[in-house]
Amino acid sequence: MTMKIAVTFANGDVFQHFRHTEQFKIYDIEDGKVVGTQIADTEGSGHGALAGMLSGLKVDALICGGIGGGAQTALAEAGIRLYGGVSGSADEAVERLLAGNLAFDPHVHCDHHGEGHQHTDGHSCGENKHGCAGKGGGCP
């Protein structure tokens, strides 16, 4: 089976804000193994255009950190399966997905679009790039 997995990407890690990602790392998968990768620049596209870009690249699944409801809808309409609320190494996240150890959560989201704000529970989204994934994918 062949498929393509995209990961919001910055400095080797899963970038934590889908709509602000500047790059995707695209993984070509055959028979459950990575057989090739490429970096795709987003060129500052908004979340609607990003879903279209991924669809144009024939991506089957997206791994990301925080993601808003509008982007989730656009991805769902494009038939792209979402694995949100993920942090850490992009390569390791893909390996976890291929091993069946990365949970599909259709409800992961980040309702806010401000940068660098503090939540009442002490975590912050934005400037530190931990985003909503730092709270298991969901922001209060």
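How each quantity is defined
- Residues numbered from 1 in each chain as written.
- Predicted model: local features only at pLDDT ≥ 70, side-chain atom pairs only at ≥ 80, totals over all residues.
- Heavy atoms only, no water.
- Buried < 20%, exposed > 50% of the residue type's maximum accessible area, 1.4 Å probe, protein only.
- Helix = DSSP H or I, 4+ residues; strand = E, 2+ residues; numbered from the N terminus.
- Arc of directions from axis to C-beta.
- Contact = heavy atoms within 4.5 Å.
- Polar contact = N/O pair within 3.5 Å; in protein donor to acceptor, adjacent residues only side chain to side chain.
- Phe/Tyr/Trp six-rings, centres within 6.5 Å; stacked < 30°, edge-to-face > 60°.
- Core = buried A, V, L, I, M, F, W, Y, C linked by side-chain atoms within 4.5 Å.
- Salt bridge = Lys/Arg side-chain N within 4 Å of Asp/Glu carboxyl O.

Details of helix H3 (residues 90–98)
For an α-helix, 3.6 residues make a turn, and residues three or four places apart therefore share a direction.
Okay, so step 1: Those residues of H3 that fall on the buried side of the exposure criterion are Ala90, Ala93, Val94 and Leu97. Buried residues of H3, seen end-on, are gathered within an arc of 100° and therefore sit on one face of the element.
Okay, so step 2: In this structure, the buried residues of H3 make contact with strand E1 (2–10), strand E2 (13–14), strand E3 (23–30), strand E4 (33–41), strand E5 (61–63) and strand E6 (81–83).
Okay, so step 3: Two or three places before Asp91, at the opening of H3, Ser89 has a side-chain oxygen 3.3 Å from that residue's backbone nitrogen.
Okay, so step 4: The first or second residue beyond H3 is Gly100, which carries a positive phi of 80°.

Focus: the packing of aromatic side chains
Centre distance and the angle of the planes are the two values used to describe a pair of aromatic rings.
Okay, so step 1: Evaluation of the coordinates by the stated rule reveals one aromatic pair.
Okay, so step 2: With centroids separated by 6.2 Å and ring planes inclined at 50°, the aromatic side chains of Phe18 and Phe24 adopt a geometry described as tilted. Across this residue pair, the class does not change: Phe18 and Phe24 are buried.

Observations regarding the nonpolar core
Across soluble globular proteins, you tend to see nonpolar side chains buried next to one another.
Okay, so step 1: By size, the foremost hydrophobic cluster in this structure holds 17 residues, and its most contacted members are Ala6, Phe18, Phe24, Leu54, Leu62, Ile67 and Leu75.
Okay, so step 2: Elements that contribute at least two residues to this core include exactly E3, helix H1 (47–56) and helix H2 (69–77).
Okay, so step 3: Counting residues in each nonpolar core, the second largest holds 16 residues, with Ile5, Ala93, Val94 and Leu97 among its members.

Notes on the pattern of salt bridges
Okay, so step 1: Counting across every chain of the model gives two salt bridges.
Okay, so step 2: In this structure, the salt-bridge partner of Asp28 is Lys4, at a minimum N-O distance of 3.9 Å. Of the two residues, Asp28 sits in strand E3 while Lys4 sits in strand E1, which places them 24 residues apart along the sequence.
Okay, so step 3: For Asp28, a relative accessible area of 24% corresponds to the partly exposed category.
Okay, so step 4: Note on Lys4: relative accessible area 24%, which makes it partly exposed.
Okay, so step 5: Among the salt bridges present, the one from Asp91 reaches Lys25, with a minimum N-O distance of 3.0 Å. Residue Asp91 is found in helix H3, and its partner Lys25 is found in strand E3; the two are separated by 66 residues along the sequence.
Okay, so step 6: For Asp91, a relative accessible area of 38% gives the class partly exposed.
Okay, so step 7: Owing to a relative accessible area of 13%, Lys25 belongs among the buried residues under this scheme.

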